[in-house]
There are 2 protein chains.
Amino acid sequence: MSSSDKKHRANLQSHLFALTLDRQARPALHLQLAQALRGLILSGTATPGARLPASRTLAAELSISRMTVQTAFDQLLAEGYLTARRGAGTFVASDLPDLSGPAATPDPGPKLPAPPPFQPFRPGVPDMAAFPHRLWSRLLERAWARPDPALLGEGDPLGWPPLRAAIAAHLQAWRGIACHPRQVVVTSGAVEAFELVLDSCVPPAAGVLIEDPGYDPLRRVLTRTGRRPVPCRIDGDGLDISTAPDGLAAAIVTPSRHYPTGATLPLARRLALLDWANRTGAPVIEDDYDGEFRYRGQPLPALASLDRTGQVFYLGSFSKLLSPGLRLGYLVVPGRHLPALAAQMAARGSSASLTPQPALAAFMQDGAFASHLRRMRRLYGRRQQHLLAILRRAPDLLQVSEDPGGMHLTCPLGPALVGRVQDTEIAQAGTDHGLHLRALSAYSVLPDPPQGLVLGFAAYDEAALTAAATRLLTILHALR
Amino acid sequence: MSSSDKKHRANLQSHLFALTLDRQARPALHLQLAQALRGLILSGTATPGARLPASRTLAAELSISRMTVQTAFDQLLAEGYLTARRGAGTFVASDLPDLSGPAATPDPGPKLPAPPPFQPFRPGVPDMAAFPHRLWSRLLERAWARPDPALLGEGDPLGWPPLRAAIAAHLQAWRGIACHPRQVVVTSGAVEAFELVLDSCVPPAAGVLIEDPGYDPLRRVLTRTGRRPVPCRIDGDGLDISTAPDGLAAAIVTPSRHYPTGATLPLARRLALLDWANRTGAPVIEDDYDGEFRYRGQPLPALASLDRTGQVFYLGSFSKLLSPGLRLGYLVVPGRHLPALAAQMAARGSSASLTPQPALAAFMQDGAFASHLRRMRRLYGRRQQHLLAILRRAPDLLQVSEDPGGMHLTCPLGPALVGRVQDTEIAQAGTDHGLHLRALSAYSVLPDPPQGLVLGFAAYDEAALTAAATRLLTILHALR
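Everything numeric in this text was worked out from a predicted model, so none of it was measured. (Residues numbered from 1 in each chain as written. Chains lettered and ligands numbered in written order. Predicted model: local features only at pLDDT ≥ 70, side-chain atom pairs only at ≥ 80, totals over all residues. Heavy atoms only, no water.)

Engineer: It is not clear to me how the overall build of chain A should be interpreted in this structure. Could you clarify?
Structural biologist: Within chain A one finds 15 helices and 12 strands. Relative to its length of 480 residues, chain A is extended, with a C-alpha radius of gyration of 30 Å against a globular reference of 23 Å. Principal axes of the C-alpha set define a box for chain A whose edges measure 90 × 55 × 45 Å. Evaluated residue by residue, chain A yields a buried proportion of 57% over its 480 residues. A total accessible area of about 18800 Å² is found for chain A, and carbon and sulfur atoms account for 55% of it. Charge-centre separation for chain A: the mean point of 49 positive side chains lies 7 Å from the mean point of 40 negative side chains. (Helix = DSSP H or I, 4+ residues; strand = E, 2+ residues; numbered from the N terminus. Rg over C-alpha atoms; globule rule 2.2 N^0.38 Å. Buried < 20%, exposed > 50% of the residue type's maximum accessible area, 1.4 Å probe, protein only. Areas by Shrake-Rupley, 256 points an atom, 1.4 Å probe, with all protein chains shown as cover. Lys, Arg positive; Asp, Glu negative; His and termini not counted. Charge placed at Lys NZ, Arg CZ, Asp CG, Glu CD.)

Structure below.
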């Protein structure tokens, strides 16, 4: 028997064994079975020549008498749908017309290219080898072995309440944000959070300020939802709101560390931004994607912590702090915008899985989350210093400056490369040599973007960073 | 010490203990600490009068000398930020100006109304008391204690490959759909699936056919993404595509069981629908939300199983089969549409959490999923019969007909109620009496919608159904 025959037979069996016959209903059981089997043949599910299970087996599986099965088979033998071969069993007739249409198996489409391999310096990825998998798996097991009944229904679309409370406590301690747990909305990530804010307080077709360079998926969310992205070139201190055009309906910013350059928005610009929001009524969305990872100096309090009048939506994510596969993030909603946003969420339904939420709440409540962040902060801080030390050897190739935080370094091209090679060409050369390099210019849509490389370091140990950075300098040296 | 003081102090402590001082960097450690503490006071995080931790404790937490801490404190005592009370400790000065702006605590917004209580006859909810929680929690624990490295990165945005393979096998056995695992895309639910299909092959502003009555979130997805919903009134057999206007860019249908009336689309109409898709090039989205729950007769193969030319996107969900909190669904994509859809998914990023995916794959692979479905099918089938038997006692109040499957019954109003009371008034009366009733007319946007009640039964045992149905008949009797 060929493997394809085996597969057809297993498929036919699972169909037959899954049948539900109704003892109370008409028609009689053997007629119900015959009709079902006829349907399987006509639909092409039971392929010509396929062998049926023995009547004894089928009878046992369906909890009906063997006589009932045999009567159904006899009917279909008489109709010509089945044939019997003595000693071999009962088969779907092989001389049936081809009922399966032009293509017996529908076109499965092309094999898609595999996702790019995981290589340095892919940015924004935490070191999962340092993740406390055992503890996490135990917390998952504990949360779901005898789950809280409130976890079993559709639940609050704004998220599992103990998780929202744990996030509020975390934000108070780490980011200086005083918020009520009910202002915390659990999302499946930044994209859903952006959509919720846009749909609850930014009119269709409105212009929304985004930073340039900036986070590309954001520009796509705006376009996809019918808003107009208005890119605004940042300088070494981040966004200067006084350079923004009039008539904007919202601004999306990364004040803690501009993405991807790492610039920290100074206090004066923060206050100007809040003043702008107050004057124009346009909300500010603060994307604080890795504000917890600050290695030197005092972490600046979040923009949201300076907001006294409810202008700032604050966005955080667990993808970079814990694991990208969690697909969990959150949004802190100014009180006055909460009813509209909650209505939006109720209407669309949450897309954040409840499965990780009680485990994450426990992880945060018992302090494991804070210790993990502190441990990762030390680890990533050492790795950043390590990478900096290597790159500093070639100041003509890359401009390297101390960055107080983050999970990547953004390095403008050095004098030996500027004007000679595009950063996108360097990124391509990296791919050819087993490095994941991102060109800084690829984060821009405005003309004459800054040229440089965005180098993630958090997920790679010192040995991997040494090897990768050495290879990078060799590549850059050759392109000079 | 009041509880608010305690909270402020704990907050200040957690800030101070989370500080990272840089031994290598300038300025000196005591200056870094003084600067950080000054920042906490200026930002309002350290409130006037709050007591600081003892210098010995802080020194131990930060792994610095006690002298360093005392030098920093002395500096701030001199600057007036701190005051010391002999024998009591060091405090944030209480005569600082109010730096916290007009509102010390930002407005947390109104308390939102609680989600409606879980009561019969809320539809579409599985019986979670019958869910194998122990097995599920062990599968979660096993998948994540020593996770497959492929689960730790960003992963394939189309879903965990073993889960996609398990879904393809399930669809072959239960729904007669032959598809390749690569055509299966894991989503966070029907809403994300609709969006992906729309964004990959339906132009903005295009008209999309939806059934009326129908699934309301769907209409909202269309409006939100800038498409035009074109509602089409169904009859007792579901959608008749020959009644649809010209120029539609897609059609979204529920052929297995029309939602919410339960009508099964006959074969002739299915073929006509496929023919329409072939002629017009408009894709058909088949929403097979509970096709596995068929209690009597042969389950009709899915529309997608008849599709030979790649017109039909097939949508399934685990919310009703397993648990709504999983937030997992899937989409089977015709091969020719796969590259565009995969590009869409890559651009927006997946919102389906990886946390439940390996556990669900194991649950499906070892047959536990199929046994669970079979067990639920028997359980829900009995409950449906039980509810039917009670409702049949009052044919003047509700028209009840045998329904071969599903998790709810849709009952048109009987002759004693038609014209006397609106179904929406009945639903309101239900709420007042502790019943969750849905008015059939609320599923329509077209004028003169059918009047009736949508009664979920799957999640309620026989005793609960008896009590609720009796109460319902009493309410209806009073409204007659």
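Engineer: Quick question: what am I supposed to make of the environment of Gly109(B) here?
Structural biologist: Tracing the chain through its elements places Gly109(B) in the loop between β2 (89-92) and α5 (133-145). Classification of Gly109(B) by relative accessible area gives buried; the value is 10%. Sequence-distant contacts of Gly109(B), defined by excluding residues within four places in its chain, comprise Arg182(A) and Gly335(A). (Contact = heavy atoms within 4.5 Å.)

Engineer: I keep staring at the environment of Ala72(B) and nothing clicks. Help me out?
Structural biologist: Residues and elements named next belong to chain B. In this fold, Ala72 is placed in helix α4 (residues 66-79). Separated by 39 residues in the primary sequence, Ala72 and Leu33 have C-alpha atoms spaced 6.2 Å apart. The contacts of Ala72, once residues within four sequence positions are left out, are His30, Leu33 and Ala34.

Engineer: Help me understand the interface of chain A and chain B in this model?
Structural biologist: By a widely used convention, the size of an interface equals the accessible area lost when the partners come together. Each side of the interface is counted separately: chain A has 90 residues, and chain B has 92 residues. In this assembly, chain A packs against chain B so that about 7600 Å² is buried in total across both faces, 53% of it on carbon and sulfur atoms. Here chain A is connected to chain B by zero salt bridges. Summed over the shared surface of chain A and chain B, the result is 16 residue pairs in polar contact (both at pLDDT 80 or more). At the level of secondary structure, the elements contributing two or more residues to the side of chain A that touches chain B comprise α1 (3-17), α2 (29-42), α5 (133-145), α6 (161-175), α7 (190-201), α8 (216-224), α11 (338-348) and α13 (368-391) of chain A. Broken down by element, the residue count for the side of chain A that touches chain B peaks at nine residues, all from α5(A). (Buried area = accessible area lost by both parts, 1.4 Å probe. Salt bridge = Lys/Arg side-chain N within 4 Å of Asp/Glu carboxyl O. Polar contact = N/O pair within 3.5 Å; in protein donor to acceptor, adjacent residues only side chain to side chain.)

Engineer: Quick question: what am I supposed to make of the domain arrangement of chain A here?
Structural biologist: In terms of domains, chain A is made up of domain 1 (3-92), domain 2 (146-366) and domain 3 (371-479). The C-alpha-based centres of domain 1 of chain A and domain 2 of chain A are spaced at 57 Å. (Domains from an automatic or database assignment.)

Engineer: Quick question: what am I supposed to make of the confidence of the model for chain A here?
Structural biologist: A low pLDDT means the predicted coordinates there should not be read in detail. On average, chain A scores 90 in pLDDT, and the residues at 70 or more come to 94%. Within the model, the stretch residues 97-104 of chain A combines pLDDT values under 50 with seven contacts to residues more than four positions away or in other chains. (pLDDT = per-residue confidence, 0-100.)

Engineer: Would you explain the relation of the copies chain A and chain B in this entry?
Structural biologist: When chain A is fitted onto chain B, the two copies agree to an RMSD of 0.1 Å after a turn of 180° and an axial shift of 0.1 Å. Expressed as a symmetry operation, the mapping of one chain copy onto the other fits a two-fold axis. Interface overlap between copies: 100% of the residues of chain A at the interface are likewise at the interface in chain B, consistent with a symmetric, same-surface contact. (Least-squares fit on C-alpha atoms with pLDDT ≥ 70 in both.)

Engineer: Would you mind showing me how to read the sheet that holds strand β5 (residues 228-233) of chain A here?
Structural biologist: In any sheet, the strands associate via hydrogen bonds between backbone groups, in a parallel or an antiparallel arrangement. Residues and elements named next belong to chain A. The seven strands are arranged β3-β9-β8-β7-β6-β4-β5 in an open sheet whose pairing can be described as mixed. A single partner strand is all that each edge strand has here, and the edge strands are β3 (184-187) and β5. Averaged over all pairs of adjacent strands, the angle between strand axes in this sheet comes to 20°, irrespective of strand direction. Relative to strand β9 (residues 329-332), strand β8 (residues 312-317) runs antiparallel, the two sharing four bridges. Looking at the pairing, Gly316 lines up with Tyr330 of β9. (Pairing = 2+ DSSP bridges. Axes fitted to C-alpha atoms, helices over the stretch in contact; angles between N-to-C directions.)

Engineer: What am I meant to see in the packing of aromatic side chains here?
Structural biologist: Each aromatic ring pair is characterised by the separation of its centres together with the angle its planes make. One pass over the structure, following the stated rule, counts 24 aromatic pairs over all chains. Ring centres 5.8 Å apart and planes at 70° place the aromatic pair Tyr259(A) and Tyr443(A) in the edge-to-face group. Taken together, the residues Tyr259(A) in the loop between β6 (250-253) and α9 (267-280) and Tyr443(A) in the loop between β11 (438-439) and β12 (452-456) connect sequence positions 184 residues apart. For the pair shown, Tyr259(A) and Tyr443(A) are each scored as buried. Aromatic rings pair up to connect Phe131(A), Trp136(A), Tyr314(A), Phe318(A), Tyr330(A), Phe363(A) and Phe369(A) into one cluster. When the ring centre of Phe91(B) is taken as origin, the NZ or CZ atom of Arg85(B), which lies over that ring, is 3.9 Å away. (Phe/Tyr/Trp six-rings, centres within 6.5 Å; stacked < 30°, edge-to-face > 60°. Lys NZ or Arg CZ within 6 Å of the ring centre and 35° of its normal.)

Engineer: Looking at this model, I keep getting lost on the pairing of strand β10 (residues 408-412) of chain B. Mind explaining?
Structural biologist: All names here are of chain B. Most of β10 is tucked away, with four of its five residues classed as buried. In terms of strand pairing, β10 meets strand β12 (residues 452-456) through five bridges, oriented antiparallel. Counted as the bridge partner of Cys411 is Leu453 from β12.

Engineer: Looking at this structure, how should I read a positive patch on the surface?
Structural biologist: Judged by side-chain charge, Arg134(A), Arg138(A), Arg142(A) and Arg146(B) come together as a positively charged surface patch. Relative to the helices and strands, Arg142(A) resides in helix α5. Overall, Arg142(A) belongs to the exposed group, its relative accessible area being 57%. (Patch = residues over 30% accessible without salt bridge, like charges linked within 9 Å, V, L, I, M, F, W, Y side chains within 5 Å.)

Engineer: I keep staring at the state of the cysteines and nothing clicks. Help me out?
Structural biologist: Simply put, the disulfide is a covalent bond whose two ends are the sulfur atoms of two cysteines. By the definition in use, this model includes zero disulfides over all chains. For the unlinked cysteine Cys232(A), the closest cysteine sulfur is that of Cys201(A), found at 20 Å. (Disulfide = S-S within 2.5 Å.)

Engineer: It is not clear to me how the side chain of Ser323(B) should be interpreted in this structure. Could you clarify?
Structural biologist: Here Ser323(B) lies in the loop between β8 (312-317) and β9 (329-332). With residues up to four places along the chain from it excluded, the contact list for Ser323(B) reads Pro126(B), Met128(B) and Phe318(B).

Engineer: So what exactly am I meant to see when it comes to helix α9 (residues 267-280) of chain B here?
Structural biologist: Since the α-helix packs 3.6 residues into each turn, any two residues three or four apart lie on the same face. Residue and element names in this part refer to chain B. Here α9 is 14 residues long and its end C-alpha atoms lie 20 Å apart, about the 20 Å a rise of 1.5 Å per residue gives. Those residues of α9 lying buried are Arg269, Arg270, Leu273, Leu274, Trp276 and Ala277. Looking straight down α9, one finds its buried side chains confined to an arc of 155°; they lie on one side. The exposed set on the far side of α9, more than 90 degrees from its buried face, consists of Leu267, Ala268 and Arg279. In this structure, the buried side of α9 is in contact with β6 (250-253), β7 (284-287), α10 (303-306) and β8. Downstream of α9 by a residue or two, Gly281 has a phi angle that is positive, lying close to 80°. (Expected span 1.5 Å × (residues − 1). Arc of directions from axis to C-beta.)

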